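Chain by chain, the residues run as shown.
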2 protein chains.
Amino acid sequence: MRSRPLHQTIADHVARQISTGALRPGARVQSVRQLSARFAVSSNTVLHAFATLEALGLVEARPQSGYYVRARASDALPAPTVPQPRTPAVPKADRLPLFIQSMRDPSVVPLAAATMAPELLPAARLNQLLAQAARRSGARGLRLDPLPGYAPLRREIARRLARLGASVTAEDVVTTIGAIEAIHLALRSVTRPGDAVVVESPCYFGVLQLLGELGLRAIEVPADPALGPPVDRIEEAITRRQARACVLVPNFANPLGSLMPVAHKRALVELCTAHDTPIIESDVYGELPFEGERPAPLKAFDEAGIVLHCSSFSKSLAPSFRAGWICPGRFREAVEQRKFIYTVASPTVTQAAIAEFLVSGGYDRHLRAVRRRLRDQVMQTREAIAEHFPDGTRVSNPQGGFLLWVEMPHSAVDALDLQRRALREKISIVPGPMFSARNGFRHCFRLSCGHPWSDALESAIARLARLAAS
Amino acid sequence: MRSRPLHQTIADHVARQISTGALRPGARVQSVRQLSARFAVSSNTVLHAFATLEALGLVEARPQSGYYVRARASDALPAPTVPQPRTPAVPKADRLPLFIQSMRDPSVVPLAAATMAPELLPAARLNQLLAQAARRSGARGLRLDPLPGYAPLRREIARRLARLGASVTAEDVVTTIGAIEAIHLALRSVTRPGDAVVVESPCYFGVLQLLGELGLRAIEVPADPALGPPVDRIEEAITRRQARACVLVPNFANPLGSLMPVAHKRALVELCTAHDTPIIESDVYGELPFEGERPAPLKAFDEAGIVLHCSSFSKSLAPSFRAGWICPGRFREAVEQRKFIYTVASPTVTQAAIAEFLVSGGYDRHLRAVRRRLRDQVMQTREAIAEHFPDGTRVSNPQGGFLLWVEMPHSAVDALDLQRRALREKISIVPGPMFSARNGFRHCFRLSCGHPWSDALESAIARLARLAAS
């Protein structure tokens, strides 16, 4: 393993104390002497660490006194409000074309698409593994990889899930085209047109559009910005409104970034097991906590095979590989059959490169490095919002992933207007109504913090704020 | 371009005369002297060519007299009967698991799956291009390739279609996961659940299963084994039975291998234009004629944008790349939106390698070489059927692709029984009932001739015949 520069380790240590609240705004950070003793490094190295923290806007120097945690403007940002429940509806996809258009234009400031900047990804190593896989595979590499998908990758995926407490073997994994194909196959396997399905609200528009395509009604359960949807509201949707399945993102949900507490996860799986209601879990952001261990997926609490665990490497590693998977629990045969019907098989070489990256430990090293960067990017974006947007603006405060949910004061323009006007100035956002089956969230929008902080991003946020006010 | 050995060219010349009927069984082939003069080669080279033709079972030497076209047992094989029309039905996918199981076991003689053997494919070159694409792409290669897909590949696809007479530019192409995703997106874009859709009968089971998933009824139009479905019967389905769309394989259909004459193609597109009925065309076998130019797709006759042209490189080049496309005509926006909803984007690196292979002319060279081999494999399989199956067995006689449709005498066992019993002896076939929404074709099965002829294949056909008789 390549070791991280020492000043980074120290900066990271202090940043963690700040982000977890162990060090509050205005508090004095340990002195250069204390830190150099604790980490057994020179005081120059500690000063380098402080310079890094200063650049991030986390600390400030006070002459003759030391370094203090900066009071950040974003500390005062309130959390978004919890939305009101609405009658179930079949979602529409009519707002998709503008989003697709914004993705196609490389000159647009990319605050819309939920993907990481390529420079945060281990491109050199992955491309090398891809080339290696291509060279090594020979003629056999052109054979269709039969269901349920590339075995070495399935083994690695199962191993990682088992480590988190899930009872999963390679035979329980079916590889897919991204997590979205996994969710599609899952929905197809456990619902019929006309059924009602529980989603959290706000809900990732990709899921809503799938529900719409399949003729399913969305029961939108208002989610707490920090904790996700309350289990008792999900129970009510199942018992009183005949929900046939749930589609949930327990870890760092899109767009809220909420993280379901372990007790909620356990209770939810128990509830759905008791009611025989399948849970389709998307865990695409689960590997991206800012601090500490990655949180467990719902699958870790699943004993009855009621959880259809869906995920991918698109958010955390290689968007262009389109490599995802599903652990369909007891719906395996139905899911496998549908994988054949809709796309037959997934490409082999990309699966092979990722499998090798996982086996070599490269993925875990990459994740350790990128989490810190995402934390900083999210923090800097929050800071810019606090600076430029008016009082009354509310913003999510996620502990993982790289998405922010912004709720503007009601005096601001409609988010759909804001999207159109921002796009004319080459800035892309995703407007709130896309996250609702009933066009709610008209004063909200989602920002992706997948790109390294830059003056261009800062000025894009400033311009957004001006557009919102006008 | 690497030139073909001279003896191959001569053998090919004679084989073509035989397969087109210019030389009939029992006819004398031109003498060694005549051929050596005509091709300006030594008589040894011509003798080498005759040895090749003898090995293929095409000619036989008669002492002191020369070479004669062998009377082949398969010349007496009658064509399959045209099926009776049936009431429209929503197809089921309940026979899929056995097919999937047969694909997974590498020890099974692969007569079921419609894929070419890896040794017929330009693996070394493709793997090299894959490695090159991976190395060259850098960090940008990890970026999600936005809709409508990898531009250089779309350009090449459009260029090839334009050469066949289709009014298509790169902007009219959306890349997909194989042709099957293309057909799915097309069906979704032009039908609603409950609609009736015209298919040819027998019909590729993958299409029937998709119809079943989408709640669509199949109107099965009986197809002529040589010419495909008659246009007047399609017209009747549209005008009298309110068919909302057609899904057809005009070139070397699966399983019959039928080829629609140009006049039929033109009439069909005119008919559907007049009735505003979209045609979903699958052209995956179009590049694989045994002789002459590749036949035109329906898209070449489409002026109104009523044809949704679907195809892939899975049958002709690289099954494991899963690279397909759709030219959706005037349904482009609906199709593009659904591509986003179901799989967001296709993997980049495999598209890049294929694009490069097309640009370099490698694909056309590969096609020229492989067509001859497929012709020989199909011919040899027909010959073995003629030898081992009883009188009254009927077999298709395709002029392209690599599939055969066998109709056994009614005294033979049910094809579903045959499939199960054959699989116990490690031989896979696809039973007739899978090609019908109503379990027809109980005495038919499909054979894939995608693998080089071998003793193992010969003995598998002999065993199949014994199982069918018992």
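Residues numbered from 1 in each chain as written. Chains lettered and ligands numbered in written order. Predicted model: local features only at pLDDT ≥ 70, side-chain atom pairs only at ≥ 80, totals over all residues. Heavy atoms only, no water.

**Student:** What should I look at first to understand the overall build of chain A in this one?
**Tutor:** Scanning chain A for helices and strands turns up 15 helices and 15 strands. At 23 Å, chain A has a C-alpha radius of gyration in line with the 23 Å of a compact globule built from 470 residues. Each of the three principal axes of chain A carries a C-alpha extent, and together these read 70 × 55 × 45 Å. A buried classification covers 64% of the 470 residues belonging to chain A. Residue pairs at least 24 apart in sequence account for 74% of intrachain contacts in chain A once pairs closer than 6 positions are excluded. (Helix = DSSP H or I, 4+ residues; strand = E, 2+ residues; numbered from the N terminus. Rg over C-alpha atoms; globule rule 2.2 N^0.38 Å. Buried < 20%, exposed > 50% of the residue type's maximum accessible area, 1.4 Å probe, protein only. Contact = heavy atoms within 4.5 Å.)

**Student:** Teacher, can you tell me more about the interface of chain B and chain A here?
**Tutor:** The extent of an interface is frequently quoted as the accessible surface area lost upon association of the parts. Contacts between the two partners involve 61 residues from chain B and, on the opposite side, 61 residues from chain A. Here chain B meets chain A over a buried area of about 5300 Å², counting both sides, of which 67% is carbon and sulfur. In this structure, Arg338 of chain A engages Glu213 of chain B in a salt bridge whose closest nitrogen and oxygen atoms are separated by 3.0 Å. Secondary-structure elements contributing two or more residues to the side of chain B that touches chain A are α4 (96-104), α5 (123-137), α7 (178-190), α8 (205-213), α11 (332-343) and α12 (348-359) of chain B. Here the element with the most residues in the side of chain B that touches chain A is α11 of chain B; it accounts for nine residues. (Buried area = accessible area lost by both parts, 1.4 Å probe. Salt bridge = Lys/Arg side-chain N within 4 Å of Asp/Glu carboxyl O.)

**Student:** Please explain the pattern of salt bridges as it appears in this structure.
**Tutor:** Pairs may arise between side chains of opposite charge once their charged atoms sit close together. Applying the stated criterion across every chain yields a total of 53 salt bridges over all chains. Arg154 of chain B is the salt-bridge partner of Glu171 of chain B, the closest N and O atoms lying 3.6 Å from each other. A residue pair is termed long-range when its members are at least 10 positions apart, and Glu171 of chain B in the loop between α6 (151-163) and β4 (174-177) and Arg154 of chain B in helix α6 qualify at 17 residues. Looking at Glu171 of chain B, the relative accessible area reads 36%, which means it is partly exposed. Each of Asp12, Arg16, Glu291, Arg372, Arg375 and Asp376 of chain A takes part in salt bridges that share partners, so that together they form one network.

**Student:** How do you make sense of the packing of helix α2 (residues 32-39) of chain B against helix α3 (residues 43-55) of chain B when you look at a structure like this?
**Tutor:** Residue and element names in this part refer to chain B. Their axes nearest at 9 Å, the elements α2 and α3 cross at an angle of 115°. On the basis of the axis angle, α2 is roughly perpendicular to α3. Viewed along their axes, α2 and α3 form a crossing whose handedness is right-handed. Note on element contacts: α3 touches α2 through Ser43, Val46, Leu47 and Phe50, opposite Val32, Leu35 and Ser36. Considered class by class, the residues forming the contact of α2 with α3 number five nonpolar, two polar and no charged. (Axes fitted to C-alpha atoms, helices over the stretch in contact; angles between N-to-C directions. Parallel < 35°, antiparallel > 145°, perpendicular 65-115°, else oblique. Left-handed = near helix turned anticlockwise from the far one by under 90°. Nonpolar A, V, L, I, M, F, W, Y, C, P; charged D, E, K, R; others polar.)

**Student:** What should I look at first to understand the sheet that holds strand β14 (residues 430-431) of chain B in this one?
**Tutor:** For sheets, the rule is that strands pair by backbone hydrogen bonds, running either parallel or antiparallel. Residue and element names in this part refer to chain B. The strand order across the open sheet formed by four strands is β11-β12-β15-β14, and the pairing between neighbours is antiparallel. Edge strands, defined here as strands with exactly one partner in the open sheet, are β11 (394-395) and β14. Alignment of strand β12 (residues 403-407) against strand β15 (residues 444-448), held across five bridges, turns out to be antiparallel. Paired with Trp405 across the two strands is Arg446, which belongs to β15. (Pairing = 2+ DSSP bridges.)

**Student:** What am I meant to see in a positive patch on the surface here?
**Tutor:** Judged by side-chain charge, Arg135 and Arg136 of chain A together with Arg135 and Arg136 of chain B come together as a positively charged surface patch. Looking at the positive patch, the elements with two or more residues in it are α5 (123-137) of chain A together with α5 of chain B. Mapping Arg135 of chain B onto the fold places it in helix α5. (Patch = residues over 30% accessible without salt bridge, like charges linked within 9 Å, V, L, I, M, F, W, Y side chains within 5 Å. Areas by Shrake-Rupley, 256 points an atom, 1.4 Å probe, with all protein chains shown as cover. Lys, Arg positive; Asp, Glu negative; His and termini not counted. Charge placed at Lys NZ, Arg CZ, Asp CG, Glu CD.)

**Student:** I'm lost on helix α11 (residues 332-343) of chain A in this one. Help?
**Tutor:** Note that an α-helix has 3.6 residues per turn; residues three or four places apart therefore point the same way. Taking 1.5 Å of rise per residue, twelve residues should cover 16 Å, and α11 of chain A covers 16 Å from first to last C-alpha, within 8% of that figure. Looking one or two residues past α11 of chain A, Val344 of chain A carries a phi angle of roughly 65°, positive in sign. (Expected span 1.5 Å × (residues − 1).)

**Student:** Sorry, what's going on with the packing of aromatic side chains here?
**Tutor:** Each aromatic ring pair is specified by the distance between its two centres and by the angle formed by the two planes. One pass over the full model with this rule turns up 22 aromatic pairs over all chains. With centroids separated by 5.1 Å and ring planes inclined at 75°, the aromatic side chains of Trp405 of chain A and Phe435 of chain A adopt a geometry described as edge-to-face. Taken together, the residues Trp405 of chain A in strand β12 (residues 403-407) and Phe435 of chain A in the loop between β14 (430-431) and β15 (444-448) connect sequence positions 30 residues apart. Relative accessible area serves as the criterion here: at 1%, Trp405 of chain A is assigned to the buried category. Ring geometry for Trp405 of chain A and Phe441 of chain A: centres 5.4 Å apart, planes at 85°, overall edge-to-face. Of this pair, Trp405 of chain A sits in strand β12 while Phe441 of chain A sits in the loop between β14 and β15; the two residues are 36 residues apart in sequence, bridging distant segments of the chain. Grouping residues by exposure puts Trp405 of chain A and Phe441 of chain A together as buried. Members of the aromatic cluster, each reached through a chain of ring pairs, are Phe99, Tyr204, Phe205, Trp405, Phe435 and Phe441 of chain A together with Phe340 of chain B. Above the ring of Tyr68 of chain A, the side-chain terminus of Arg62 of chain A is found at 4.0 Å from the ring centroid. (Phe/Tyr/Trp six-rings, centres within 6.5 Å; stacked < 30°, edge-to-face > 60°. Lys NZ or Arg CZ within 6 Å of the ring centre and 35° of its normal.)

**Student:** Would you explain the confidence of the model for chain A in this entry?
**Tutor:** Chain-level statistics for chain A give a pLDDT mean of 94 and a share of 99% at 70 or above. Scoring of the predicted complex yields 0.91 for pTM and 0.91 for ipTM. (pLDDT = per-residue confidence, 0-100.)

**Student:** For this particular structure, what's the right way to read the relation of the copies chain B and chain A?
**Tutor:** For the pair of chain copies, the relating operation is a rotation around an axis with a shift along it. It takes a turn of 180° to lay chain B on chain A, together with a shift of 0.0 Å along the axis; the resulting RMSD is 0.1 Å. The superposition operator between the copies reduces to a two-fold rotation axis. Among all residues of chain B, the one whose C-alpha sits closest to the rotation axis is Ala131 of chain B, at a distance of 1.9 Å. A shared binding surface is used by both copies, with 100% of the interface residues of chain B retained as interface residues in chain A. (Least-squares fit on C-alpha atoms with pLDDT ≥ 70 in both.)

**Student:** Can you walk me through α5 of chain B in this structure?
**Tutor:** Residues and elements named next belong to chain B. Helix length check: α5, at 15 residues, gives a terminal C-alpha distance of 21 Å against a target of 21 Å (1.5 Å per residue), a fit within 8%. Buried residues of α5: Ala123, Leu126, Asn127, Leu129, Leu130, Ala131, Ala133 and Ala134, and no others. Following α5 by one or two positions, Gly138 adopts a phi angle in the positive range, close to 60°.

**Student:** What am I meant to see in the nonpolar core here?
**Tutor:** Across soluble globular proteins, you tend to see nonpolar side chains buried next to one another. Residues Phe313, Phe402, Leu447 and Leu464 of chain A together with Phe313, Leu447 and Leu464 of chain B are the most contacted members of the largest nonpolar core, which totals 148 residues. If near-sequence neighbours (up to four positions away) are discounted, Phe402 of chain A is found in contact with Ala114, Thr115, Met116, Tyr285, Leu288, Lys315, Leu374, Val378, Leu447, Ser448, Cys449 and Gly450 of chain A. (Core = buried A, V, L, I, M, F, W, Y, C linked by side-chain atoms within 4.5 Å.)

**Student:** Would you explain the sheet that holds β14 of chain A in this entry?
**Tutor:** Residues and elements named next belong to chain A. Read across the sheet, four strands follow the order β11-β12-β15-β14 without closing on themselves; strand pairing throughout is antiparallel. Either end of the sheet is taken by a strand with one partner, and the two such strands are β11 (394-395) and β14. Its contacts with the sheet put helix α13 (residues 362-388) on β11, β12 and β15, and the angle it makes with β12 is roughly 15°.

**Student:** I keep staring at the state of the cysteines and nothing clicks. Help me out?
**Tutor:** What makes a disulfide is a covalent bond joining the sulfur atoms belonging to two cysteines. Taken as a whole and assessed by the stated rule, the structure comprises zero disulfides over all chains. The closest cysteine sulfur to the non-disulfide-bonded Cys203 of chain A is located on Cys246 of chain A, 12 Å from its own sulfur. (Disulfide = S-S within 2.5 Å.)

**Student:** What am I meant to see in unusual backbone geometry here?
**Tutor:** Glycine aside, a negative phi is what most residues show, and trans is what most peptide bonds show. The linkage connecting Asn254 of chain A with the following residue, Pro255 of chain A, adopts the cis geometry, with an omega of 10°. Leu147 of chain B connects to Pro148 of chain B through a cis peptide bond whose omega is 5°. Phi is positive for Gln242 of chain B, close to 50°, though the residue is something other than glycine.

**Student:** Hey, could you run me through the environment of Pro193 of chain A in this one?
**Tutor:** Residue and element names in this part refer to chain A. With respect to the helices and strands, Pro193 occurs in the loop between α7 (178-190) and β5 (196-201). The class for Pro193 is exposed, based on a relative accessible area of 61%. Remark: the alpha-carbon pair of Pro193 and Gly215, spanning 22 residues in sequence, is separated by 4.8 Å.

**Student:** What should I look at first to understand the pairing of strand β7 (residues 243-248) of chain B in this one?
**Tutor:** The side chains of a regular strand alternate between the sheet's two faces. All names here are of chain B. With respect to burial, β7 is a largely interior element, five of its six residues being buried. In this sheet, β7 lies alongside strand β5 (residues 196-201) in parallel orientation, the contact comprising four bridges. Within β7, the residue paired with Val198 across the bridge is Cys246. In this sheet, strand β8 (residues 279-282) lies alongside β7 in parallel orientation, the contact comprising three bridges. If you follow Cys246 over to β8, its bridge partner there is Ile279. Read from β7 through helix α10 (residues 262-275) to β8, the crossover connection turns out right-handed. (Right-handed = clockwise from strand over helix to strand, strands pointing away.)

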